[in-house]
Amino acid sequence: MQQTRSEVIFLKCIGKYEINRGALIKPDWETSYLTINLNGLISTIDEKGIKKEGRTLIRRNSYTITHRDNRNSVKDIYKINGKHGTYSVESPQRNRTLIGTCQKGRG
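All figures in this text were calculated on a predicted structure; none of them were measured in a lab.

Rules of the game
- Residues numbered from 1 in each chain as written.
- Predicted model: local features only at pLDDT ≥ 70, side-chain atom pairs only at ≥ 80, totals over all residues.
- Heavy atoms only, no water.
- Helix = DSSP H or I, 4+ residues; strand = E, 2+ residues; numbered from the N terminus.
- Contact = heavy atoms within 4.5 Å.
- Buried < 20%, exposed > 50% of the residue type's maximum accessible area, 1.4 Å probe, protein only.
- Pairing = 2+ DSSP bridges.

I tried to follow the side chain of Ser91 on my own but got confused; where do I start?
Along the chain, Ser91 falls in strand β7 (residues 86-91). Not counting residues up to four positions away in its chain, the partners in contact with Ser91 are Lys75, Asp76 and Arg96.

Okay, here's the thing in structure tokens:
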């Protein structure tokens with residue numbers, strides 16, 4: 001049997017909490033490694049060694065990854081603009097927003 005593989009994009013994104021940062025104990029900058037599945041299924045997010053998965057929505061050159069918790073409520077929403085190389089992470093439960101830039105990686 002042959003196994004088909006989905007086409008993916010690997011991104012390294014670096015951002016900074018801009019809205020409602022609160023008290024900062026650690027440095028501002030956060031690094032995320034995203035593996036976006038171009039078939040629009042499940043994408044993988046690696047933040048600080050913790051792997052998360054989220055449903056991917058692709059529209060033209062922008063990608064939206066929604067990460068949910070065990071109770072199916074939205075934990076984080078990753079929005080990547082492929083044309084401009086920008087991304088944002090909205091965390092509705094913590095009322096924080098991360099804004100940064102992305103660049104393509106090798107995987």
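Help me understand the pairing of strand β5 (residues 62-68) in this model?
Where a strand is regular, its side chains alternate between the two sheet faces. The two faces of β5 differ: Tyr63, Ile65 and His67 on one face are buried, but Ser62, Thr64, Thr66 and Arg68 on the other face are not. If you look at the hairpin formed by strand β4 (residues 50-59) and β5, you'll find two residues sitting between the two strands, and Arg60 has a positive phi there, around 50°. In terms of strand pairing, β5 meets strand β6 (residues 74-81) through seven bridges, oriented antiparallel. If you follow Ser62 over to β6, its bridge partner there is Asn81. In sequence, β5 turns back onto β6 through a hairpin of five residues, with Asn72 there showing a positive phi of about 70°.

Even after reading the chapter, I still don't get the pairing of β7, so can you show me in this structure?
Both β6 and β7 contribute to a ladder of five bridges, which runs antiparallel. Residue pairing for β7: Asn81 is matched across the bridge by Thr86. Linking β6 back to β7 in an antiparallel pair, the connection comprises four residues, with Gly85 at a positive phi of about 75°. One ladder, built from six bridges, connects β7 with strand β8 (residues 96-104); its direction is antiparallel. By the bridge assignment, Ser88 is partnered in β8 with Ile99.

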